[in-house]
Amino acid sequence: MKKEEFIKNLKEKLSILETKEIDDIIAEYTEYIDEKMQNGKTEEEAIKDFGDIDELTTELLKAYKINVDNNRKEKNVWNSLVTKFNNFMDKIIVLFEQKSGKDILRIIFEVAIIILGICLCKIPFHILEQIGYNVFIPFHSAFGKGLYHIWSFIIECAYLIFALVLFAKIFEQRYLNNINIAMNGSPKEKTENVKKSKKQEPIIVETQTRKSMIDYLATLCIWFVKFIVFWVVFGLALYILGLGMCLGICIYLWIRGVTYIGIYLSILMLLILGVLAFIWLFNWILDRKNNVKFLLIGFTTSFIVLGISFSYASIEVATTEFINTVPSNYEVKEKIETLTITNNEILSGIYDYEVDESLTNEIKIKYTYYSNYVEIEPLIEYEPQNHIYISVNYKNNNWNGKILENVINDLKERKMHNYDLSPKITIYANSETIIKLKANREKWQEEKNYKNLYNYCKMQYNDGEELSNRCQELLFPKHTEMDE
């Protein structure tokens, strides 16, 4: 607190005294501050020696035999609030008048993070609101809903007050504590003929700094925001690592003659933006000063170049030919298995159907795969209740540099094949058998889904033997009961 602000506050708090008495007290404390400053102390240090100004005022008023408690009760609360609000706004105006452009930008960034933290503080209020919902809504009446709406309104108002007070307290502590507000009019000149006999040693209140509950909440909120930002920074570190690897691949492709300059430049700019965001947030967590000018120039330049590179990259992608087939130099092999069925089987797995009317009570399962890439064995498992599971066993994977070379050669020519080299399963059967197999699987799937839904309803909505109305609405209308 500066000297002028201290004198102004002291005058306001002693306003119940006569003007002459106030002037005498102000003269004494002004002279005392000047003496301290001549001895090498700053204004803030000299004023800090007096202790808390409210306790100092209380002691002074008691010296004049004024009942402080009764006097405080008679104060106009509304005027006090208006005065505090005016002082708060004056400090904000002075803050932005005294700060440079980069300092103002830094404050805006920090305020945005503080607001984010306060928004996250809504979580416990939301939990309280849900508790009220679980308590009142089960009444299933207008009375229960009315109680819930009242409860919700109280919680929302409580959060609004909490958010406003917490933001004001954090903002004041972080930015406004050392702001010197100019007083209206210059302080009255002190006369040199003040009688020494009337001069008394100013009262100094020895107090320890006491924190209110709001101070603790503000500190807790700041640390909570820093905790959230820490994980954002951790995510940015992984983001930078991932883009760094992508950039390494881009450099390799560029050396090999693949010239997608727009895509490469876009990845580089995204990497730079990630690094700048990491530096800014990391310094904020450690309460270090950011070079706002450097960050602003870096962000602005990176966004401009990123927009240009995105535009060029879109042209590169548009001029690239996409071929939805595997390259012709990949050798295709087939394996066929034959099964006799009774049309009651349920086939599960991932496969396609093909009609072959020459088949009667049998089906053929064709496995198609690319031997350049993988070797497989057919997998057919017989399970209870006529279930047959159809899949493949991978013997070995033949991935090698040849596939990479094919991809690079494609990119050099601005084209890209579909490199879906996974094995494919096709089931051949006559049309009647296919219809029956599809119907069997659909019926089995429907019963499976219904049973899952039934068990879910029993667990979520029912605490007795009969299903609740909500559960009945979720289940299929044609089902009325089912054994667990």
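Now for a description of the structure that goes with this document. As the structure is a prediction and not an experimental result, all values here were calculated from the model. (Residues numbered from 1 in each chain as written. Predicted model: local features only at pLDDT ≥ 70, side-chain atom pairs only at ≥ 80, totals over all residues. Heavy atoms only, no water.)

Looking only at helices and strands, the chain has 15 helices and nine strands in total. For the chain, buried positions account for 33% of its 484 residues. If you take every contact in the chain between residues at least 6 apart in sequence, the share linking residues at least 24 apart comes to 76%. Accessible area for the chain stands at about 31,300 Å²; split by element, carbon and sulfur atoms hold 58% of it. (Helix = DSSP H or I, 4+ residues; strand = E, 2+ residues; numbered from the N terminus. Buried < 20%, exposed > 50% of the residue type's maximum accessible area, 1.4 Å probe, protein only. Contact = heavy atoms within 4.5 Å. Areas by Shrake-Rupley, 256 points an atom, 1.4 Å probe, with all protein chains shown as cover.)

Tallying each qualifying case throughout the model produces four salt bridges. Of the charged contacts in the structure, one is a salt bridge between Lys366 and Glu334, with a shortest N-O distance of 3.7 Å. Within this pair, whereas Lys366 is found in strand β5 (residues 362-370), its partner Glu334 is found in strand β2 (residues 332-340), the two being separated by 32 residues in sequence. Of the residues examined, Glu334 reaches a relative accessible area of 47% and is grouped as partly exposed. For the salt bridge of Glu413 with Lys415, the shortest nitrogen-to-oxygen distance reads 3.1 Å. Among the residues examined, Glu413 registers a relative accessible area of 53% and is labelled exposed. (Salt bridge = Lys/Arg side-chain N within 4 Å of Asp/Glu carboxyl O.)

Right, let's talk about the sheet that holds strand β9 (residues 424-429) for a bit. Sheet architecture is open: four strands sit in the order β2-β5-β9-β4, paired in mixed fashion. Two strands in the sheet have a free side with no partner beyond their single neighbour: β2 and β4 (352-355). In this sheet, adjacent strand axes meet at a mean angle of 25 degrees when their direction is disregarded. (Pairing = 2+ DSSP bridges. Axes fitted to C-alpha atoms, helices over the stretch in contact; angles between N-to-C directions.)

Scanning the model with the defined rule gives seven aromatic pairs in all. Ring centres 5.7 Å apart and planes at 10 degrees place the aromatic pair Phe278 and Phe282 in the stacked group. Residue Phe278 and its partner Phe282 are both found in helix α11 (residues 261-285); the two are separated by four residues, about one turn of the helix. Given a relative accessible area of 35%, Phe282 falls into the partly exposed group. Among the aromatic side chains, those forming a connected cluster through ring pairs are Phe227, Phe230, Trp231 and Phe234. The ring of Tyr159 is capped by Lys122, whose NZ or CZ atom sits 5.2 Å from the centre of that ring. (Phe/Tyr/Trp six-rings, centres within 6.5 Å; stacked < 30°, edge-to-face > 60°. Lys NZ or Arg CZ within 6 Å of the ring centre and 35° of its normal.)

So, on to the environment of Asp34. Position of Asp34 relative to the elements: it lies in helix α2 (residues 19-38). Overall, Asp34 belongs to the partly exposed group, its relative accessible area being 25%. Along the backbone, Asp34 and Lys3 are 31 residues apart, and their C-alpha atoms lie at a distance of 9.5 Å.

Moving on to α11. The end-to-end C-alpha distance of α11, which contains 25 residues, comes to 36 Å, matching closely the 36 Å that a straight helix rising 1.5 Å per residue would cover. Of the residues flanking the end of α11, it is Asp287, one or two places downstream, whose phi is positive at about 60 degrees. (Expected span 1.5 Å × (residues − 1).)

In this section: the nonpolar core. In terms of nonpolar packing, the biggest core is built from 19 residues, with Leu347, Ile363, Ile365, Ile390 and Ile427 touching the most fellow members. Looking at this core, the elements that each hand over two or more residues are β5, β6 (374-383), β7 (387-397), β9 and α14 (431-460). Among the elements that make up this core, the one with the highest residue count is β5 (four residues). Apart from residues lying up to four places away in sequence, Ile427 is in contact with Leu347, Tyr351, Asp352, Tyr353, Glu354, Ile363, Lys364, Ile365 and Ile390. (Core = buried A, V, L, I, M, F, W, Y, C linked by side-chain atoms within 4.5 Å.)

So, about a nonpolar patch on the surface. Taken together, the side chains of Phe227, Phe230, Trp231, Phe234, Leu238, Leu241 and Met245 define a hydrophobic patch exposed on the protein surface, amounting to about 770 Å² of accessible area. Residue position: Met245 is located in helix α10 (residues 213-255). (Patch = residues over 30% accessible without salt bridge, like charges linked within 9 Å, V, L, I, M, F, W, Y side chains within 5 Å.)

Turning next to unusual backbone geometry. Not every positive phi belongs to a glycine, and Arg414 is a case in point at roughly 55 degrees. With respect to the helices, strands and loops of the structure, Arg414 is situated in the loop between α13 (401-412) and β8 (415-417). Among the residues examined, Arg414 registers a relative accessible area of 24% and is labelled partly exposed.

Another aspect to go through is the side chain of Ser302. Here Ser302 lies in helix α12 (residues 292-318). Polar side-chain contacts of Ser302 include one of 2.7 Å to the backbone oxygen of Gly298. Among residues more than four places away in sequence, those in contact with Ser302 are Met269, Ile272, Leu273 and Leu276. (Polar contact = N/O pair within 3.5 Å; in protein donor to acceptor, adjacent residues only side chain to side chain.)

Read these as spatial facts, not as claims about activity.
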